[in-house]
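# Secondary and tertiary structure notes
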Amino acid sequence: MVSQRSVSSQRDSPVRPATRDEYLSTWSTLHNGIDPSSSVLVKWWLRVVYTLSAPLVRASVSAHAVTFTAVVVAGAAVALSRPGTSAPLLAAVLIALSGLLDSIDGGVAMIGRTQSQWGYLLDTVADRCSDLLLLASGFALGAPMPLVVAVGVTTLLHEMARARAVGAGIPDVGFLTVWERPSRVIAAAVTATVAGAAPASAGTSATIGISVTCALAVLGFTQLMFGLHRRADRTPR
């Protein structure tokens, strides 16, 4: 998710929605200068987000409402993560939808030019809530608690380290690792899909899924720390 900056004058007069190029430029600025065109996948994904977000802006749907909905949908996915049934298949759909809404709320904010510091804080808290709910889904399906906790701790450390690096003035902290939000959503959705497709072995599927998730989380955190270390060494003191 991205920050949401509001301008007081917007309350008094209509604001022209951002074009797609303006949206991509704003996205790059808010993500530490990452060039969307440097990755075909990122560029394609942002175009999809713009296409889905623009109608919501025209309908005057607020980014906060989308943020809240994303967390609610992730919570509903946990409720449907019932081992021994096919319900996890629907949970997987809701997990994917929650991840999509997680991007759309930022698209609504940028296209509607309603970014704010409060929105940034709200988005960050909502992201972490969604991360934990995705792990709760795996636990509900039968994954061992120690593995779930390990992934949760590593994920929170990942986000904390990046936030502290920004506060410390380390440049170019927006590089990507294997354990960003899309990876977390995909891992949780795949785990739920396999558990729902084979209800009799849901616990085993969840354990394998969380084990792979844990490996990705550790690898991503390692990538992040090495990358931040190299950049910190180049930071003038």
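These figures come from a predicted structure and were not determined experimentally. (Residues numbered from 1 in each chain as written. Predicted model: local features only at pLDDT ≥ 70, side-chain atom pairs only at ≥ 80, totals over all residues. Heavy atoms only, no water.)

Attention shifts here to the pattern of salt bridges. Enumeration over the complete set of coordinates arrives at 10 salt bridges. Across the pair Arg181 and Asp102 runs a salt bridge, and its minimum N-O distance is 3.1 Å. Pair noted here: Arg181 is in helix 7 (residues 181-197) and Asp102 is in helix 4 (residues 87-111), with a separation of 79 residues, a long-range link. Across this residue pair, the class does not change: Arg181 and Asp102 are buried. Because the salt bridges share partners, they merge into one network encompassing Asp102, Arg128, Asp131, Glu159, Arg181 and Arg184. (Salt bridge = Lys/Arg side-chain N within 4 Å of Asp/Glu carboxyl O. Helix = DSSP H or I, 4+ residues; strand = E, 2+ residues; numbered from the N terminus. Buried < 20%, exposed > 50% of the residue type's maximum accessible area, 1.4 Å probe, protein only.)

Below, the discussion takes up the packing of helix 3 (residues 63-79) against helix 4. Viewed as axis vectors pointing N to C, helix 3 and helix 4 meet at an angle of 165 degrees, and their least axial separation amounts to 8 Å. In terms of their interaxial angle, helix 3 and helix 4 are classed as roughly antiparallel. Our pair here, helix 3 against helix 4, has a crossing hand that is left-handed. Packed against helix 3, whose contacting residues are Ala63, Val66, Thr67, Thr69, Ala70, Val73, Ala74, Ala76 and Ala77, the element helix 4 presents Ala91, Leu94, Ile95, Leu97, Ser98, Leu101, Asp102, Ile104, Asp105, Val108 and Ala109 at the interface. Considered class by class, the residues forming the contact of helix 3 with helix 4 number 15 nonpolar, 3 polar and 2 charged. (Axes fitted to C-alpha atoms, helices over the stretch in contact; angles between N-to-C directions. Parallel < 35°, antiparallel > 145°, perpendicular 65-115°, else oblique. Left-handed = near helix turned anticlockwise from the far one by under 90°. Contact = heavy atoms within 4.5 Å. Nonpolar A, V, L, I, M, F, W, Y, C, P; charged D, E, K, R; others polar.)

A separate point is helix 1 (residues 20-30). For helix 1, the set of buried residues is Tyr23, Leu24, Trp27 and Ser28. When helix 1 is viewed along its axis, its buried side chains cluster within an angular range of 135 degrees and face the same direction. Residues of helix 1 that are exposed and angled more than 90 degrees away from the buried face: Asp21 and Thr29. (Arc of directions from axis to C-beta.)

Before going further, it helps to spend a moment on the environment of Trp45. Its location among the elements puts Trp45 in helix 2 (residues 40-58). In this structure, the C-alpha to C-alpha distance between Trp45 and Leu100, residues 55 residues apart in sequence, is 9.8 Å.

Following the UniProt record, the feature "transmembrane region" (unreviewed entry) maps to residues 61-80, 87-112, 132-157 and 208-228 here. Counted over residues 208-228, helix gives 100% and strand 0%. Its end C-alpha atoms are 30 Å apart. (UniProt positions renumbered as here; feature names shortened; annotations may be inferred.)

Quick look at the nonpolar core now. Of all hydrophobic cores here, the largest spans 44 residues; its most connected members are Tyr23, Trp27, Ile95, Leu101, Val108 and Val151. Broken down by secondary-structure element, the contributors of at least two residues to this core are helix 1, helix 2, helix 3, helix 4, helix 5 (117-140), helix 6 (145-167), helix 7 and helix 8 (202-234). Element by element, the count of residues in this core is highest for helix 4, at 11 residues. Those residues within four positions of Tyr23 in sequence are excluded, and the remaining contacts are Ala18, Leu46, Val49, Tyr50, Gly107, Met110 and Ile111. Counting residues in each nonpolar core, the second largest holds 7 residues, with Ala161, Ile170, Phe175 and Leu228 among its members. (Core = buried A, V, L, I, M, F, W, Y, C linked by side-chain atoms within 4.5 Å.)

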